[in-house]
Amino acid sequence: MSEERTSEKLVELAKRRGYFFPASNAYGGVGGFYTFGPQGASLKGNLEDAWRERFAVAEGNMEIDAPTVMPEPVFEASGHLETFDDMLVECPECGESHRADHVVEDATDIEDAESLPIPEVEEVIAEYEIGCPTCGAGLAEQAVESFNLMFATNIGPGDADPGYLRPETAQGIFVEFPRLKEYARNQLPFGVTQIGRAYRNEISPRRSIVRTREFTQAELEQFVDPEGEGPDLSSVEDVPVTLYPATEQVADDGSEVETTIGDAVADGVIADPWIAYFLGVAREWYAAVGVDMDRFRFRQHLAGERSHYASDCWDAESEVDGNWIEIAGFAHRGDYDLSKHDEYSDERFTIFRQYDEPKTVERATVDPDMSYLGPEFGADAGAIVEELEKLAGRDRTAFEGETVAVDLDGETHEVPTEKVGFSVDEETIAGEHVVPHVIEPSFGVDRLLYTVLHHAYREDEVDGEERTHLALEPEVAPTFVGVFPLQSDDDLEAEARAIAADLRAAGLSVTYDDSGNIGRRYRRQDEVGTPFCVTVDYESLDDRAVTVRERDSTVQKRLPIDDLPETLAALRSGDLTFEDVDGA
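What counts as what
Residues numbered from 1 in each chain as written. Predicted model: local features only at pLDDT ≥ 70, side-chain atom pairs only at ≥ 80, totals over all residues. Heavy atoms only, no water. Helix = DSSP H or I, 4+ residues; strand = E, 2+ residues; numbered from the N terminus. Buried < 20%, exposed > 50% of the residue type's maximum accessible area, 1.4 Å probe, protein only. Lys, Arg positive; Asp, Glu negative; His and termini not counted. Salt bridge = Lys/Arg side-chain N within 4 Å of Asp/Glu carboxyl O. Polar contact = N/O pair within 3.5 Å; in protein donor to acceptor, adjacent residues only side chain to side chain. Contact = heavy atoms within 4.5 Å. Phe/Tyr/Trp six-rings, centres within 6.5 Å; stacked < 30°, edge-to-face > 60°. Core = buried A, V, L, I, M, F, W, Y, C linked by side-chain atoms within 4.5 Å. Pairing = 2+ DSSP bridges. Axes fitted to C-alpha atoms, helices over the stretch in contact; angles between N-to-C directions. 1 Å grid on protein atoms, 1.4 Å probe; cavity = no way out; pocket = protein on both sides within 12 Å on 5 of 7 lines; lining within 4 Å. Points joined across faces, edges and corners; volume = space filled by probe spheres on them. Nonpolar A, V, L, I, M, F, W, Y, C, P; charged D, E, K, R; others polar. Expected span 1.5 Å × (residues − 1).

1. Describing the side chain of aspartate 446
Next, step 1: Positionally, aspartate 446 belongs in helix 15 (residues 445–456).
Next, step 2: It turns out aspartate 446 is buried and unbridged, and the closest side chain with the opposite charge, arginine 197, is 4.7 Å from it.
Next, step 3: Here threonine 216 takes part through its backbone nitrogen, which lies 2.7 Å from a polar atom of the side chain of aspartate 446.
Next, step 4: What aspartate 446 contacts, discounting residues up to four positions off in sequence, is Phe36, Lys44, Ile209, Phe215 and Thr216.

Spelled out as structure tokens, the structure:
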């Protein structure tokens, strides 16, 4: 069965069984928006809970929930207004807009067209005579333009303030750094997590929930001292990883590298220890929630495809539909974000680094004579003072002559040195303000959900009948156990409902089903991915035992009713395997 065929069947199953489906279909729908049905919402919630447990709770990190709408100055400072663009090409015949890099990748052997400059993309479209994916009309003469992906809105009535729906959850963390650092007692490193919606006005949404206009991110911003010690790698150094470094991607005979986190750091394949640490943690976590490690790798970004803020970035990629898709990014954002917000806002985005012992340093200062500067330079006097202060900090030799040259808005002003009040004094300081660097693991929850379903999809034969089932990990399966009365009978139904209530009280996700024959009910739960089914029969009323069936193997065991909550809870947590369960 081809990967494309698997995808088609999975999307159909998702609609039929309530995982996900296009939104607003009653009004014709709109591309790039999906509703998660009962099963999908539950699976999504379980994946988010598992992520929170590993990347927030286990790491000792904070979690916040910031607004999804933020004012325009936030995105001016972050650079999103200028740089958060995709390449757009419009068909001259049908008027459909397409992402130019996707058009190139679909029609050629070029894998990372996003990293190419616009003129080169235009040349490729012309060289290959690429046509519109919708109607086939030629695109060779069409200009490729930049298109900003943010959704614009207004905040408030009347002459409202412009704002944007956040394109990532990260900015909600960065702008609150001055307060969050206080919660961390001004000690580095510390991490802040957030799980929430983000919005990007995609040019051409496609591949079901793989590329949408509204999606959920789970992000961790790890704030670190740029001169501080890295993380302890001992817990992840032996984790096996499949890496696809940039050097291998551009080499003629390049290939993926099988190694461990420890060796990758020692060999310089992964340059930053913090990035390496989170790759190791993520690899183990992905395996635990059901990603097939034979279809998983970490790919390093090429220089041309890195975001404007990243000095290095690795993507976690899963193979689905015969293609590699990004499901997480691990970026070294340096001090870009905090420095920008420090520059644009009225707050300080630094942390005070205490020295082990106070230091005596020389400090160059100016104390200008405003009785001279005011009349001489008028409205520019204040700006000239600011420039003099900056100049004193970076170039003391500028004050050695009779005048000091100050550049202001392209014009040079000469200020007599004697009016500047320049001096160099000794000062004892206890520490210094530093701008933390940021390491960001950013997970796409929707793409992860699609990957988990795709990797869990199975077709086999049971008792001579074809069967479809989702081999979901018990920890994340939306429904953990189905409870059935064998037949329509008041006594059996009463017992089955009582068992279902007891299992729910034990914290398990339970579905009750008395519709159709028992084989059909098993098939329904197999297709949803329910790990276990409990059947109440007439013997159960006498011996107080039930039949428990395991999804993947279809093996059945007879277990006491009184032991069910404890046994099933242990199976869900992984403390017990079904093989080890003693049954009649």
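2. Overview of the packing of aromatic side chains
Next, step 1: Within this structure, the stated rule accounts for 25 aromatic pairs.
Next, step 2: Aromatic pair phenylalanine 20 and tyrosine 450: ring centres 6.4 Å apart, planes at 45°, arrangement tilted. Highlighted residues: phenylalanine 20 in strand 1 (residues 20–22) and tyrosine 450 in helix 15, separated in sequence by 430 residues.
Next, step 3: On the basis of relative accessibility, which here comes to 1%, the residue tyrosine 450 falls in the buried class.
Next, step 4: Ring plane angle 75° and centroid distance 5.7 Å describe the contact between phenylalanine 330 and phenylalanine 443, whose orientation is recorded as edge-to-face. In this pair, phenylalanine 330 sits in strand 16 (residues 323–334) while phenylalanine 443 sits in strand 21 (residues 437–444), placing the two residues 113 residues apart along the sequence.
Next, step 5: According to the relative accessible area criterion, phenylalanine 443 is buried, its value standing at 3%.
Next, step 6: Among the aromatic residues, those joined into a ring-pair cluster are Trp51, Phe55, Trp285, Tyr286, Phe296, Phe298, Phe330 and Phe443.

3. Some details on the nonpolar core
Next, step 1: Among the nonpolar cores identified, the biggest contains 62 residues, and Tyr19, Tyr286, Phe330 and Phe443 are the most heavily contacted of them.
Next, step 2: Sort the elements by how many residues they give to this core and helix 11 (residues 273–289) lands first, with 11 residues.

4. Some points on the pairing of strand 10 (residues 190–199)
Next, step 1: Among the 10 residues in strand 10, nine count as buried, and that is most of the element.
Next, step 2: For strand 3 (residues 62–63) and strand 10, the ladder comprises two bridges, and the chain directions are parallel. Looking at the pairing, glutamate 63 lines up with threonine 193 of strand 10.
Next, step 3: Summarising the sheet, strand 10 and strand 11 (residues 214–224) pair through 10 bridges and their orientation is antiparallel. For phenylalanine 190, the partnering residue across the bridge sits in strand 11 and is phenylalanine 223.

5. Quick word on the sheet that holds strand 14 (residues 296–300)
Next, step 1: The nine strands are arranged 3-10-11-21-16-15-14-12-13 in an open sheet whose pairing can be described as mixed. The open sheet has two edge strands with one neighbour each: strand 3 and strand 13 (257–260).
Next, step 2: As paired strands, strand 11 and strand 21 are joined by six bridges and run antiparallel to one another. Considered in strand 21, the bridge of alanine 218 is made with phenylalanine 443.
Next, step 3: Along the sheet, helix 2 (residues 38–57) makes contact with strand 3, strand 10, strand 11 and strand 21, crossing strand 10 at roughly 160°.
Next, step 4: Running over the sheet, helix 15 touches strand 11, strand 15 (312–320), strand 16 and strand 21 and is turned about 35° from strand 15.

6. Considerations on the pattern of salt bridges
Next, step 1: Following the criterion strictly, the structure yields 39 salt bridges and no others.
Next, step 2: Residue arginine 467 is joined to aspartate 460 by a salt bridge in which the shortest nitrogen-to-oxygen separation is 2.8 Å.
Next, step 3: Taken together, the shared-partner salt bridges in this structure form one network comprising Asp86, Arg99, Asp101, Glu202 and Arg211.

7. Some remarks on empty space enclosed by the protein
Next, step 1: All chains considered together, the criterion is met by two cavities of 30 Å³ or more.
Next, step 2: Taken as a whole, the largest cavity holds about 50 Å³ of empty space.
Next, step 3: Along its surface, the largest cavity is lined by Gly32, Phe33, Tyr34, Phe36, Arg197, Ile209, Thr212, Glu214 and Asp446.
Next, step 4: Of the residues that constitute the lining of the largest cavity, the class distribution is four nonpolar, two polar and three charged.
Next, step 5: In this structure, the second largest cavity spans a volume of roughly 30 Å³.
Next, step 6: Around the second largest cavity sit Leu47, Glu48, Trp51, Ala218, Trp285, Phe443, Val445 and Leu448, which together line it.

8. Things to note about the pairing of strand 22 (residues 457–462)
Next, step 1: As paired elements, strand 22 and strand 23 (residues 465–470) share six bridges and run antiparallel to each other. Paired with tyrosine 457 across the strands is leucine 470, a residue of strand 23.
Next, step 2: Counting the residues in the hairpin turn of strand 22 and strand 23 gives two residues, including aspartate 463, whose phi is positive at 55°.

9. Overview of the environment of aspartate 159
Next, step 1: With respect to the helices, strands and loops of the structure, aspartate 159 is situated in the loop between strand 8 (152–155) and strand 9 (161–165).
Next, step 2: Classification of aspartate 159 by relative accessible area gives exposed; the value is 82%.
Next, step 3: Along the chain, aspartate 159 and phenylalanine 147 lie 12 residues apart, while their C-alpha atoms are 26 Å from each other.

10. Things to note about helix 2
Next, step 1: Relative to the 28 Å expected for 20 residues at 1.5 Å per residue, helix 2 spans 27 Å between its end C-alpha atoms, a close match to the ideal helical length.
Next, step 2: Residues Gln39, Gly40, Leu43, Lys44, Asn46, Leu47, Glu48, Ala50, Trp51, Phe55 and Ala56 constitute the buried set of helix 2.

11. Things to note about the environment of arginine 54
Next, step 1: One can find arginine 54 in helix 2.
Next, step 2: Accessibility expressed as a relative area gives 25% for arginine 54, which makes it partly exposed.
Next, step 3: When the C-alpha atoms of arginine 54 and tryptophan 285 are compared, they prove to be 7.6 Å apart, with 231 residues separating the residues in sequence.
Next, step 4: Those residues within four positions of arginine 54 in sequence are excluded, and the remaining contacts are Glu59, Tyr277, Val281 and Trp285.

12. Observations regarding the environment of aspartate 263
Next, step 1: Within the fold, aspartate 263 resides in helix 10 (residues 261–266).
Next, step 2: Residues aspartate 263 and valine 239, 24 residues apart in the sequence, show an inter-C-alpha distance of 9.9 Å.

13. Comments concerning the sheet that holds strand 5 (residues 85–90)
Paired through backbone hydrogen bonds, the strands of a sheet run either parallel or antiparallel to each other.
Next, step 1: The three strands lie next to each other as 6-5-7, forming an open sheet whose pairing is antiparallel. Sheet topology places strand 6 (97–99) and strand 7 (145–148) at the edges, where each strand pairs with a single neighbour. Direction aside, the axes of adjacent strands within the sheet are offset by 50° on average.
Next, step 2: Along the sheet, helix 5 (residues 100–107) contacts strand 5 and strand 6; its crossing angle with strand 6, the most-contacted strand, is approximately 70°.

14. Some details on unusual backbone geometry
Excluding glycine, a negative phi dihedral is what most residues carry, and trans is how most peptide bonds are arranged.
Next, step 1: Each neighbour pair has its own omega, and for leucine 188 with proline 189 the value is -5°, a cis peptide bond.
Next, step 2: Here proline 189 lies in the loop between helix 8 (177–183) and strand 10.
Next, step 3: The backbone of serine 24 sits at a positive phi, close to 60°, despite the residue not being glycine.
Next, step 4: Looking at where serine 24 falls in the secondary structure, it is placed in the loop between strand 1 and strand 2 (34–36).
Next, step 5: A residue is classified by how much of its surface remains accessible, and serine 24, at 47% relative accessible area, is partly exposed.

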